[in-house]
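# Tertiary structure, described
As a plain string of letters, each chain reads:
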Amino acid sequence: VVSTQSTGNAEYSERITSLFPEPLDTVFFVNSGSEATELSLELCRAWNDATDFLCVDSGYHGHTRSAITVSNYKFGHPRGIGQPDHIQMLDLPDTYRGEYRDEETAGEKYGAQAEILVQNIKNRGAKVAGFIGESALSCGGQIILPPNYLKTVYRAVRQAGGLCIADEVQVGFGRCGTGMWVFETQGVLPDIVTIGKPMGNGHPLAGVITTREIAERYRLNRPEYFNTYGGNPVSMSVGLAVLDVIEREGLVEHARSTGDTFLQELKLLKERHSCIGDVRGMGLFLGIEFVKSRVSREPDERTAVAVKNEMYRNRIIVSTEGRYNNIVKIKPPMSFDQANVPILSSTSIKLFTLSVVSDRCR
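Residues numbered from 1 in each chain as written. Predicted model: local features only at pLDDT ≥ 70, side-chain atom pairs only at ≥ 80, totals over all residues. Heavy atoms only, no water.

Assigned secondary structure in the chain consists of 12 helices and 11 strands. Here the chain has a C-alpha radius of gyration of 21 Å; the compact-globule value for 362 residues is 21 Å, and the two agree. The C-alpha extent of the chain, read off along each of the three principal axes, is 65 × 50 × 35 Å. For the chain, with 362 residues in total, the buried portion stands at 56%. Counting every atom, the chain has about 15,600 Å² of accessible surface; 49% of that belongs to carbon and sulfur. In the chain, the 39 positive side-chain charges and the 43 negative ones have mean positions that sit 6 Å from each other. (Helix = DSSP H or I, 4+ residues; strand = E, 2+ residues; numbered from the N terminus. Rg over C-alpha atoms; globule rule 2.2 N^0.38 Å. Buried < 20%, exposed > 50% of the residue type's maximum accessible area, 1.4 Å probe, protein only. Areas by Shrake-Rupley, 256 points an atom, 1.4 Å probe, with all protein chains shown as cover. Lys, Arg positive; Asp, Glu negative; His and termini not counted. Charge placed at Lys NZ, Arg CZ, Asp CG, Glu CD.)

Quick look at the structure:
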């Protein structure tokens, strides 16, 4: 446990680390996902005195300086800083729009690019500090990683001496219904995990989970780490209350069962409207991709934005994401239940069948 606070610290530390597999037994408390990313990157740099990182196209890890350098969603923006020299970027492992679309083989094919990027780092006379990737990409367009993707990337990074960071800030704490952490669906064990957002249910609470060995290396190779507000008594009480509710109300299973029902409704919607190219997701982490043609898969941003805006007018909050801003992202609160599914689905059908979107969606 690394924090300047005490009250409630030990209890919450034990609770949160017990939810991770060994040897992920050490937690640093911070106040935001961006801050968690900053610290996780510094842990990697301290591990092997390296500077270069691998990240994923369209990934997002925060809005602070170092977090932006590993977030293509930010540095690749028309007004962004551009890709830094010390960053190598993997292609988005998108089995709908990307180069590889066979679910059984795409993960290894996309992941194999990590070996090439590691060599690029070596060719420039640098060393690999680590890899950071979301366990499911949110700003990238609700991308569910294909099987064996992280296994393949992690292997290449670790062979080069780097550490692997799983960003669970948006998808962790049971949202995807597969368990508390989505990285487990990939059959991998990260060296570092960043958590936040649902950790405090709106309260500024985040954390970095790692091993004792990595934390000790950081202690020996860097100045003392402390955080004025990280792990304060109020935050610890909030964090404990969140874990209590998740457990007491069975929210992980709730997300799975409700999400399965919702995804089936979205698939029915896709059958009715040709402008929907794909629906995908896990649990309460879902996306609808709009296209001008299912054959060409040309993105249809205009329709996606029209649907989003009409949803707003019907008091349903969704957003649009993805490289082409053509994917409606659906991440309802964890209290969203089976009774809410038909309400949202009927509203969606109404919007499509009225003149909200273009005739090609009929």
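Let's shift gears to the nonpolar core. Core analysis: the biggest nonpolar cluster contains 70 residues, and Tyr12, Ile16, Phe20, Leu54, Phe131, Phe173 and Ile195 have the highest contact counts within it. Of the residues forming this core, the biggest block, seven residues, is contributed by helix 10 (residues 251-272). Apart from residues no more than four positions distant in its own chain, Phe20 is found in contact with Trp181, Phe183, Val193, Ile195 and Ile209. By size, the runner-up hydrophobic cluster in this structure holds 27 residues, among which are Ala50, Cys55, Ala129 and Ala215. (Core = buried A, V, L, I, M, F, W, Y, C linked by side-chain atoms within 4.5 Å. Contact = heavy atoms within 4.5 Å.)

This part is about the environment of Ser138. Here Ser138 shows up in the loop between strand 4 (128-134) and helix 7 (149-159). A relative accessible area of 0% means that Ser138 is categorised as buried. Between the alpha carbons of Ser138 and Gly59 there is a distance of 7.8 Å; along the sequence they are 79 residues apart. Aside from chain neighbours lying at most four places away, what touches Ser138 is Gln170, Phe285, Glu321, Lys329 and Lys331. Separated by 3.1 Å, the side chains of Ser138 and Gln170 make a polar contact. (Polar contact = N/O pair within 3.5 Å; in protein donor to acceptor, adjacent residues only side chain to side chain.)

Attention now moves to the pairing of strand 4. Across the seven residues of strand 4, seven count as buried, placing the element largely inside the fold. Strand direction decides the pairing type here: strand 2 (residues 52-56) and strand 4, joined by three bridges, are parallel. Following the sheet pairing, Leu54 is matched in strand 4 by Phe131. Two elements, strand 4 and strand 5 (residues 163-167), share five bridges in a ladder whose sense is parallel. For Gly130, the partnering residue across the bridge sits in strand 5 and is Leu163. Each parallel crossover has a hand, and for strand 4 linked through helix 7 to strand 5 it is right-handed. (Pairing = 2+ DSSP bridges. Right-handed = clockwise from strand over helix to strand, strands pointing away.)

Here we come to the pattern of salt bridges. Applying the stated rule across the entire model yields 16 salt bridges. Here Glu253 ties to Arg256 by a salt bridge, and the two come within 2.5 Å at their closest N and O atoms. Of the two residues, Glu253 and Arg256 both sit in helix 10, three residues apart, roughly one turn of that helix. Arg256 sits in the partly exposed class, given a relative accessible area of 33%. Note that Arg280 is salt-bridged to Glu289, the shortest N-O span being 2.9 Å. Given the relative accessible area of 1%, Glu289 is considered buried. In this structure, a network of salt bridges that share partners links the residues Arg97, Asp278, Arg280 and Glu289. (Salt bridge = Lys/Arg side-chain N within 4 Å of Asp/Glu carboxyl O.)

Here the focus is the sheet that holds strand 4. Ordered in space as 1-7-6-5-4-2-3, the seven strands form an open sheet in which the pairing is mixed. Here the strands that pair on one side only, and so sit at the sheet edges, are strand 1 (24-30) and strand 3 (87-90). Between one strand and the next, the sheet's axes are offset by a mean angle of 20 degrees, whatever the strand orientation. Of the strands in this sheet, strand 2, strand 3 and strand 4 touch helix 6 (residues 113-123), which is tilted by about 165 degrees from strand 3. (Axes fitted to C-alpha atoms, helices over the stretch in contact; angles between N-to-C directions.)

Once that is clear, we can look at helix 8 (residues 212-221). Turning to helix 8, its buried residues are Ile214, Ala215 and Tyr218. What you see down the axis of helix 8 is that its buried residues fit within an arc of 100 degrees, all on one side. Residues of helix 8 that are exposed and point more than 90 degrees away from the buried face comprise Arg212, Glu213, Arg219 and Leu220. Against the buried residues of helix 8 lie strand 1, helix 2 (33-48), strand 5, strand 6 (192-195) and strand 7 (206-211). (Arc of directions from axis to C-beta.)

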